[in-house]
Amino acid sequence: MEHANDITLTVNGTPVSRRVPARQHLVDFLREELGLTGSHIGCEHGVCGACTVRVNGEIVRGCLMLAVQANGCSVDTIEGLSDSKELAALQKSFHERNALQCGFCTPGMLMAAQDLVNQKSKATREEIRAHISGNYCRCTGYQAIVDAIEEVLNGQG
Amino acid sequence: MGKAELPLHAPGTQVDKGYIGQSVPRPNLQRLLQGRGAFIDDLRFPRLAHAAFFRSPYAHARIKKLDFEKARKANGVIGVFDGRAVAGYCTPWVAVLAHLKGMKSPPQHAIAIERACWQGEAVAAVVAESRSQAEDAVALIEAEWEELPVVVDMEESLQGTKIIHAELGDNVCFKRELDTGGVEEAFAKADVIVEDTFHFGRHTGVCLEGRAILADYNAGEHSLTVYHATQAPHMMQDIFSRHLGIPEANVRVITKDVGGSFGIKVHVYPDEMATAALSVMLHRPVKFVADRLESFLSDIHAREHRVKVRLAASKAGEILAFDLDDLTSIGPYSVYPRTSGIEGNQVVNLTGGPYRHQKYRAKMNVVFTNKNVTCQYRAVGHPIAVALTEGIVDLAAQRLQMDPAEFRRKNLIPDDAYPYTFPSGIKFEQLSHHKALDLLLKTMNYTELREEQRQLRARSVFRGIGLAAMIEVTNPSPAFYGVGGARISAQDGATLRLEPTGMLTVLCSVTEQGQGSEAVFAQIAASAVGVSIDKVKVITGDTGVTPYGGGTWASRGAGIGGEAVLQAGRALRANMLEVAAAILKVDKAELDVEKNCVVSLLTREKKIDLAELGRVAYFRPDTLPMDFQAELTVTRHYTPRQYGFTFTNGIQASLVELDPDTGFVRLLKHWCVEDSGTVINPMLVDEQLRGGVVQGIGAALLEECLYGPDGQLLNGNMADYLVPMAGEMPDIVCAHIETPTRQSQLGAKGVGEAGTAGAPGAVMNAINDALVPFNARVTAMPFTPERILKALKKI
Amino acid sequence: MKAPSFAYSKPQSLAEAFELAEQPGAKVLAGGQSLIPSLNMRLSAPELLVDITGIGSLRGISVEQGVVRIGALTTHAQIERSPEIGRHAPLLAQAVPHIAHPAIRNRGTLGGSIALADPAAEYPACLVALGATIVVAGKDGERLVPAEDFFKGLFEVDLRPGELVMAAEFPALLKDERSVFLELARRHGDYAIIGLAAHKAAETRFVYLGAGATPVFARRASAASTLEDAVSVLDRDIDPPADLYNSSTTKRHLAKVLLARAWNTLTTSH
């Protein structure tokens, strides 16, 4: 039988109340229940990073968190952080440097990148690579992504 | 030949470079940056049902009994189906091509009926209201099996003591032999003979977006719309039509955003065919997205080869001959419709490719095994041919005590030797191997790196420099597939339409998976027509909308699709000038188009802007001469004809540092010099090269599908199968040479696969260069620390 | 891969947590970074997940009277950022960046890691090297288990049904003590091929991860007086099982390489 729990949380600043299957992970909840399909599923075992979202200000793997665990939390997705313009500098730099090709890893990659930008005022290329080392990209080979993040970090002044 | 002068205008008009050669950021990226793309799994349909598959746990077993009773009763289940049920809606296929003589493969069904031939082959399908419920039901299916002998090892398969398909008589899918003659003589008179055996580990594409299909059958009109993450929508339209018995015009295949494909998504997958069949059967939309575990089990694998190669050379350092014996294993079926013989065939065609020897002998066998199926994956055969060629070339250079760059210089086909027919029969229009070598050595500061290497060795820091020269197949003609009877189109078309507001819509049959096809077409169209790029909207990936064409494969998008766009653009410009001439009542020879405006050809003075031209042409044709009809939509097609394949050339270099205690290799830097003809967008070309190089690095160092002796995949998840991640990858320096092809006005050759083709060989040669002081050598990819430690005799 | 169905409960007190965790078919959920992937892959099918993250008394890092206490629900990220850990437990500070990736470290917990006791996990080896005590509690009260006794076998720890890890405690680093953590992995964040937690206090402890079902305290090598002696006896201390890519022989070799590197670091003057 399907066990369900009631949850109330904030998603991209909007309060949301739903009854969710206990087994549903957070990114399935965002995609299926709320139609926020910008967060992607790549492996469902926490390795690829495509599902990276922000919960209570920290980046997490959306596939490794149950929706029911997000009760009472504040969740930010790629859509919300795009509309709030928090990601604007990274998005511009990614665009200009072609730091995305198919775009499937991009929401998770931007989440991880913004996490670094929010934490540090500068970083070496090695530190940038280490911070995104858990976000798989098959298309770019990573260099353009590192360039874009470096540009934003250096531009922070 | 210098940088391409690209005359974008009709003869006699002024040259405006337009956007060709500019690193324009891709216009369609904003939605992807905001998570507002539309991948197949993002789509929502009324009554959408979800498919999951019961897959064989055995590598080879007869299906004695399938019991669906419990599964059918599970929550949300719409139906549970075996192979026979699905076969009622989908006919089987045989993946052979007539021009690969003697190729054989048994018929394959969408869902296996009598037996499963690899671990992971689907033997039943569940359709349910949600994927979770479908998986719950799959877990309730009960099966009885009779295990059959399993063939895993390629040598054992070739010997044929256990035959997988009794009716075929042996396990050989395809074999080929080639002999120019004179090979034994060349080896007999050689001063130096080197030989080696290279092993290439089976690996796979690991696209971040799993294979995805959503089939929507409309019973009311016997029509099928398939939203499909495929590289070749027209090919799939034909295949769905023929195998599901639906008239071609009633089948529409639409690709949306595709999360990476690299060849993985150009093949026919039985579970995808089953999904479409189930939609027809159930009269409702059905979606299937391969999850990561089933991706490893069922996405095509590739590149499992054991190759013995010998090279004969004179003491002056001249290569006299290559002798090749390639054994490659595929799965239990050749994959439809492109067949699983092409990869081995390419190894035979391409070995020794950059060099001017005349004598060549090759023997190649493609054998079946009970592992997952294999087929074309980015750079098909090239990574193997380049690595084994460049590996044996380095060994010869070492034996002759010649610098590897100098040895190559002595043997690369001269830049003025073209057109040139290579011993395997392939023909080169015009390559630039020497120019590329010069540019590489200069860009990487080769001499300084060698000196630095020498100094560091004295301090027990072991660096290696590896080179890999290469040729690459691009822009293929029907010689690749069409001649073998496959309904795979080697031509493509573009329709350009000037809209009433002066915007430009481009419909093209080549598709987009992130490489930037749509951006490149926008650049070409804007340049050819004379509009600014922000006015251009590109639509690809819809058989109901675009011209008929081949889609994306074999690095053909820019060269073939781009040419169709260019020709259509030029023709549209001419038609626009006719309309303008009719409006302005002047001779069209006095006019030109520039920056969204019709202008005076001589003075560049603005005469009428395109929005006004559009208004008149579409809404006020009554103001134009009686016998005049504006034609502001133009379609052109293009097929490369003179050369079966348009070859490109390049050369790569890898700089590594080896830890001889741990066997770990650190990639310090990588260089890639590529001649792909006219470069439309240098940034996009660089990024294709970089992505391809990293994929090749994965093959060289990390990636292998590991199988146990019973045909069980041992590492089919992202933690155990190692893909390149950002922390370990080098920066990659790219440089271009442009030798345009004369087969098209655009002059663009292909480049999408070049990075992957050369990187494994360059990295291997760098590792072996680092190992030189230890008299050690590695030849089995991936080069894990253990393999390196064994070569070092540390273990 | 969708998880099978289970019920979910989030106790607000330890007493409630002990009772729920004792039920047959119950599994404790903390960070979920190991449990949830196994559920998604249908490798386990519990009936009830008991989410203990609501219990505040399981959080926090404290240093009192020379003893560092890390609450079970402390996340890897909190350990990574903690100035107390940096100063008083540099071994852990060095180990933490090797654990997976930032997004996982934000959720994964120390208690979860040691309760699962993956043979390639970093903390178990570090805690054995530090001579730590695992504080365990259940409805019958609290127990103190020395780390080297806590890890019993492959994914097997000294936790009775209904018991939870409360905290780990160990002495803060003294002035002349040194520690070093080394790990070999193909990629950032991968499970270690092999790793070494080395702690030089009153006694020296070399403790390996990835060299057996549990952390392997290489006692003979730890007691050796020269590096040469240590390396020569190491084969009697460890018997590492092969993994997908590395034979037992390879791991033995790598263990010796790490031993030499750790030894040199520990004996180099500041």
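Undergrad: Is there a simple way to think about the overall build of chain C in this case?
TA: Within chain C one finds 12 helices and 14 strands. Taken over C-alpha atoms, the radius of gyration comes to 18 Å for chain C, in line with the 18 Å a tight globule of 270 residues would show. Its C-alpha atoms give chain C principal-axis dimensions of about 55 × 45 × 30 Å. Per-residue burial over chain C gives 59% buried out of 270 residues. Within chain C, contacts between residues at least 6 apart in sequence are counted, and of these 59% link residues at least 24 apart.

Undergrad: How do you make sense of the state of the cysteines when you look at a structure like this?
TA: In protein structure, a disulfide is the covalent linkage between the sulfur atoms of two cysteines. Overall, the coordinates contain 0 disulfides over all chains when judged by the stated rule. With no disulfide of its own, Cys43(A) has Cys48(A) as its nearest cysteine by sulfur position, at a separation of 3.8 Å. Residue classification places Cys43(A) among the buried residues on the basis of a relative accessible area of 2%. For the unlinked cysteine Cys508(B), the closest cysteine sulfur is that of Cys139(A), found at 20 Å. Note on Cys508(B): relative accessible area 0%, which makes it buried.

Undergrad: It is not clear to me how the interface of chain A and chain B should be interpreted in this structure. Could you clarify?
TA: Interface size is often expressed as the accessible area that is lost when the parts come together. Of the residues lining the interface, 47 residues belong to chain A; the matching set on chain B comes to 52 residues. Contact with chain B buries surface across chain A, with His95(A), Tyr136(A) and Arg138(A) losing the most and accounting together for 19% of the total. For the pair chain A and chain B, the number of links is 8 salt bridges. Close ionic contact of Asp136(B) with Arg23(A) constitutes a salt bridge, the shortest N to O distance being 2.7 Å. At the junction of chain A with chain B, the criterion picks out 26 residue pairs in polar contact (both at pLDDT 80 or more). For the side of chain A that touches chain B, the secondary-structure elements that each account for two or more residues are helix H1 (26–33), helix H2 (78–83), helix H3 (88–97), helix H4 (106–119), helix H5 (125–131) and helix H6 (143–155) of chain A. Grouping the amino acids of the side of chain A that touches chain B by side-chain chemistry returns 18 nonpolar, 18 polar and 11 charged.

Undergrad: Explanation requested: the domain arrangement of chain A in the structure shown.
TA: Residues and elements named next belong to chain A. On domain assignment, one finds that chain A holds domain 1 (4–81) and domain 2 (86–154). When each unit is reduced to the centre of its C-alpha atoms, the spacing between domain 1 and domain 2 is 22 Å. The interface is formed by 16 residues belonging to domain 1 together with 16 residues belonging to domain 2. Both sides of the domain 1 and domain 2 interface together cover about 1,300 Å² of buried area, and 60% of this is carbon and sulfur. The three residues of domain 1 that bury the most area against domain 2 are Ile-59, Ile-78 and Leu-81, which together make up 41% of that side's buried surface. Counting across the domain 1 and domain 2 interface gives 1 salt bridge. Residue Glu-86 pairs with Arg-54 through a salt bridge whose shortest N-O separation is 2.7 Å. Joining domain 1 to domain 2, the criterion identifies 7 residue pairs in polar contact (both at pLDDT 80 or more).

Undergrad: What am I meant to see in the sheet that holds strand S24 (residues 591–594) of chain B here?
TA: Sheet strands pair by backbone hydrogen bonding; their relative direction is either parallel or antiparallel. Residue and element names in this part refer to chain B. With antiparallel pairing, 3 strands are arranged side by side in an open sheet as S24-S25-S26. Single-partner strands in this sheet number two, and they are S24 and strand S26 (606–609). Ignoring strand direction, the axes of neighbouring strands in this sheet form an average angle of 30°. Bridge count for S24 against strand S25 (residues 597–600) is 4 bridges, and the pairing is antiparallel. Looking at the pairing, Glu-594 lines up with Cys-597 of S25. Seen against the sheet, helix H16 (residues 557–584) touches S24, S25 and S26 and runs at an angle of roughly 120° to S24.

Undergrad: I keep staring at empty space enclosed by the protein and nothing clicks. Help me out?
TA: One simple way to see leftover space: roll a probe sized like a water molecule over the atoms. Residue and element names in this part refer to chain B. Scanning the model with the defined rule gives 8 cavities of 30 Å³ or more in all. Taken as a whole, the largest cavity encloses approximately 730 Å³ of empty space. For the largest cavity, the lining is made up of 47 residues, of which Gln-515, Thr-552, Ser-555, Gln-688 and Gly-752 are closest to its centre. With 3 residues, helix H18 (residues 682–702) is the largest single contributor of residues to the lining of the largest cavity. Tallied by class, the residues present in the lining of the largest cavity amount to 20 nonpolar, 22 polar and 5 charged.

Undergrad: Can you walk me through the packing of H3(A) against H4(A) in this structure?
TA: All names here are of chain A. Two elements in contact, H3 and H4, have axes separated by 10 Å at closest approach and are oriented at 125°. Accordingly, the angle class assigned to the pair H3 and H4 is oblique. At the point where H3 passes H4, the crossing takes the right-handed sense. Contacts from Leu-90, Gln-91 and Phe-94 in H3 reach Thr-106, Met-109, Leu-110, Ala-113, Gln-114 and Val-117 in H4.

Undergrad: Could you clarify how one ought to interpret the side chain of Ser179(C) in this entry?
TA: Residue and element names in this part refer to chain C. Structurally, Ser-179 can be placed in strand S11 (residues 178–184). At 3.5 Å, the side chain of Ser-179 and the backbone nitrogen of Leu-91 are in polar contact. Beyond its immediate chain neighbours, meaning those up to four positions away, Ser-179 contacts Pro-90, Leu-91, Gln-94, Ala-198, His-199 and Leu-266.

Undergrad: Sorry if this is basic, but what is going on with the sheet that holds strand S30 (residues 731–737) of chain B here?
TA: Residue and element names in this part refer to chain B. Strand order across the open sheet formed by 4 strands is S20-S28-S29-S30, with mixed pairing between neighbours. The open sheet has two edge strands with one neighbour each: strand S20 (462–474) and S30. For this sheet, the mean inter-axis angle between neighbouring strands, taken without regard to orientation, is 20°. Judged from the 11 bridges that link them, strand S28 (residues 646–659) and strand S29 (residues 664–675) form a sheet pairing that is antiparallel. Bridging across to S29, Val-656 finds its partner in Leu-667.

Undergrad: How should I be thinking about the packing of aromatic side chains in this particular structure?
TA: Aromatic ring pairs are defined here through the distance separating the ring centres and the angle between the ring planes. Residue and element names in this part refer to chain B. Inspection of the entire model under this criterion finds 19 aromatic pairs over all chains. With a centroid separation of 6.3 Å and an interplanar angle of 55°, the aromatic rings of Tyr-418 and Tyr-420 are classed as tilted. Neither residue differs from the other here; Tyr-418 and Tyr-420 are each classed as buried. Here Phe-480 and Tyr-481 contribute two aromatic rings whose centre-to-centre distance is 4.8 Å and whose plane-to-plane angle is 5°, an arrangement assigned as stacked. Classification of Phe-480 as buried rests on a relative accessible area of 7%. The exposure class assigned to Tyr-481 is buried, which follows from its relative accessible area of 3%. Positioned above the aromatic ring of Phe-187 is the side chain of Arg-310, whose terminal nitrogen or guanidinium carbon lies 3.9 Å from the ring centre.

Parameters and conventions
- Residues numbered from 1 in each chain as written.
- Chains lettered and ligands numbered in written order.
- Predicted model: local features only at pLDDT ≥ 70, side-chain atom pairs only at ≥ 80, totals over all residues.
- Heavy atoms only, no water.
- Helix = DSSP H or I, 4+ residues; strand = E, 2+ residues; numbered from the N terminus.
- Rg over C-alpha atoms; globule rule 2.2 N^0.38 Å.
- Buried < 20%, exposed > 50% of the residue type's maximum accessible area, 1.4 Å probe, protein only.
- Contact = heavy atoms within 4.5 Å.
- Disulfide = S-S within 2.5 Å.
- Buried area = accessible area lost by both parts, 1.4 Å probe.
- Salt bridge = Lys/Arg side-chain N within 4 Å of Asp/Glu carboxyl O.
- Polar contact = N/O pair within 3.5 Å; in protein donor to acceptor, adjacent residues only side chain to side chain.
- Nonpolar A, V, L, I, M, F, W, Y, C, P; charged D, E, K, R; others polar.
- Domains from an automatic or database assignment.
- Pairing = 2+ DSSP bridges.
- Axes fitted to C-alpha atoms, helices over the stretch in contact; angles between N-to-C directions.
- 1 Å grid on protein atoms, 1.4 Å probe; cavity = no way out; pocket = protein on both sides within 12 Å on 5 of 7 lines; lining within 4 Å.
- Points joined across faces, edges and corners; volume = space filled by probe spheres on them.
- Parallel < 35°, antiparallel > 145°, perpendicular 65-115°, else oblique.
- Left-handed = near helix turned anticlockwise from the far one by under 90°.
- Phe/Tyr/Trp six-rings, centres within 6.5 Å; stacked < 30°, edge-to-face > 60°.
- Lys NZ or Arg CZ within 6 Å of the ring centre and 35° of its normal.

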